[in-house]
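A look at the structure
Each chain, letter by letter, is given below.
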Amino acid sequence: MGFKKLLLFIFLIATTVFYGQQIQLSKQARISILTCEKGNELYSLFGHTAIRIKDATSNIDVVYNYGTFDFRTEHFYLKFVKGNLQYFVSAYSFLEFYEEYVQENRSIYEQVLHLSDIQKQHLFDSLNATLFSDEKYYTYKFIDRNCTTMVVDKVNETLGEKCVVRTQELDKTYREILFPYLESHFYENLGINIIFGEKVDRKGKLLFLPNEFMESLKKAKTNNKLLSGAPKTLLLSTPKTIPVSLWNNYYSFCILLLLLLVSRSKWVFFTYLTVLGLLGIFLLAVGYYSFHQELLFNYNALLFNPSVLLLIYFYNSNRQKWLKYTIYFNYFCLITYLIVLFNKPNFISFIPMIITSFFIFKYLENKKTMKSNQTLYSKN
């Protein structure tokens, strides 16, 4: 058995004993919030939050992590999309937690909470009770229930009042708050903004991101006193050079669409429209299927419009009247989409697709009109 696994095994046994005996923390015990820097993987782009309980007298140094999930879960991706994937709280030694972030080269910041001995004991007992009850599992929601919101709720529950609340960027929407986190990941940003619907355009009220929690915790007060000290750096990552991707950027996206237009190929255009139409069906289906409130009422279906599949059918079956109506309908949808999207942070990202779609609709309309005129001319 490896050294880390041995430590984890010992800790789990110890935790079971602690819970069974309701171990008492000493007056030297400290409870703190750990905020971890964002990583490069999609799941870590927004950082991480955890709770640390350290009591040197009792040889306890434990991290409680609400961001645990199991890839081996049956139908993992379907459950994630539907919104009924179960996350759970796990506990392990701080040493193992620290080593994980050393390997990932991600900074860790700690804020010690100014809690009474009774509050510390209550939080410690509550966390251990959660580990051994059905409350260990919770249904993950991107904004409403994640590793940060669960910790915020746990701290406020311990204090008996809603002390930790959002204190910054109160005028921004959830979409505006998320956008900077994805600046160096264009296609991930594009995908997230495609699948997210109307809810993320509401004003951000919940503390759901680790860095925002850390900043709000600096100002949180209980009994007219600050709840925590200033963040202390436990691990400082070495300077990272963000790799410049030749393909994962806005310019490659524009070039790709430009090449598509330059081709002036009917079948290339049909392929593009087919992708748009199928994505539109997916957006409508997932909005109906999923429990994720972020995916509902998705106005991106105005751009990724399933009706373009009918447009292809009407074009190939030479139903010019219905083709014209469908094209006009899509013109209307594109104009409406521009109006809706105008004040959104992702407006510029979607402009190339809007222009491409408009150009293709106009091309197919003109092509069919010319073909119809040629047919009439030949008959005459």
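Every chain is numbered on its own, with residues counted from 1 as its sequence reads. Note on the predicted model: pLDDT of at least 70 is required for a residue's local features to be given, and 80 or more for side-chain atom pairs to be given and counted; whole-chain, interface and lining totals, by contrast, use all residues. Note: side-chain values were computed over all heavy atoms of the structure, leaving out hydrogens and water.

1. Thoughts on the sheet that holds strand β2 (residues 48-55)
For two strands to be treated as a pair, DSSP must find at least two bridges joining them. Only DSSP runs of H or I reaching four residues or more are called helices, and only runs of E reaching two or more are called strands; each is numbered from the N terminus. If you trace the 7 strands from one edge of the open sheet to the other, you get β6-β4-β3-β2-β1-β5-β9, paired in antiparallel fashion. Edge strands, defined here as strands with exactly one partner in the open sheet, are β6 (137-139) and β9 (232-235). On average, adjacent strands in this sheet sit at an angle of 30° to one another, irrespective of strand direction. As paired elements, strand β5 (residues 108-112) and β9 share 3 bridges and run antiparallel to each other. From the neighbouring strand, I108 faces β9, where its bridge partner is L235. Note on definitions: a residue-residue contact is assigned when non-hydrogen atoms from the two residues lie within 4.5 Å. Orientation is described by axes fitted as lines to C-alpha atoms, over the contacting stretch for helices, and by angles from 0 to 180 degrees between their N-to-C directions. Together, β1 (30-36), β2, β3 (60-68), β4 (86-93), β5 and β9 form the strand contacts of helix α3 (residues 94-104), whose direction differs from that of β4 by roughly 110°. Its contacts with the sheet put helix α8 (residues 210-219) on β1, β2 and β5, and the angle it makes with β1 is roughly 135°.

2. A few points about the packing of helix α4 (residues 117-131) against helix α5 (residues 147-159)
Direction vectors running N to C along α4 and α5 enclose 135°, while the axes themselves pass 9 Å from each other. The angle between α4 and α5 places the two elements in the oblique class. Here α4 and α5 pass one another in a crossing that is right-handed. Contacts between α4 and α5 involve Q119, H122, L123, S126, L127 and T130 from the first element and K154, E157, T158 and L159 from the second. Residue classes follow a fixed rule: Ala, Val, Leu, Ile, Met, Phe, Trp, Tyr, Cys and Pro count as nonpolar, while Asp, Glu, Lys and Arg count as charged, and any other residue, Gly among them, counts as polar. Its residues assigned to classes, the contact of α4 with α5 shows 3 nonpolar, 5 polar and 2 charged. Our angle categories are set so that under 35 degrees counts as roughly parallel, over 145 as roughly antiparallel, 65 to 115 as roughly perpendicular, and the remainder as oblique. Left-handed is the label given to a crossing in which the near helix is rotated counterclockwise from the far helix by less than a right angle, and right-handed is the label when the rotation is clockwise.

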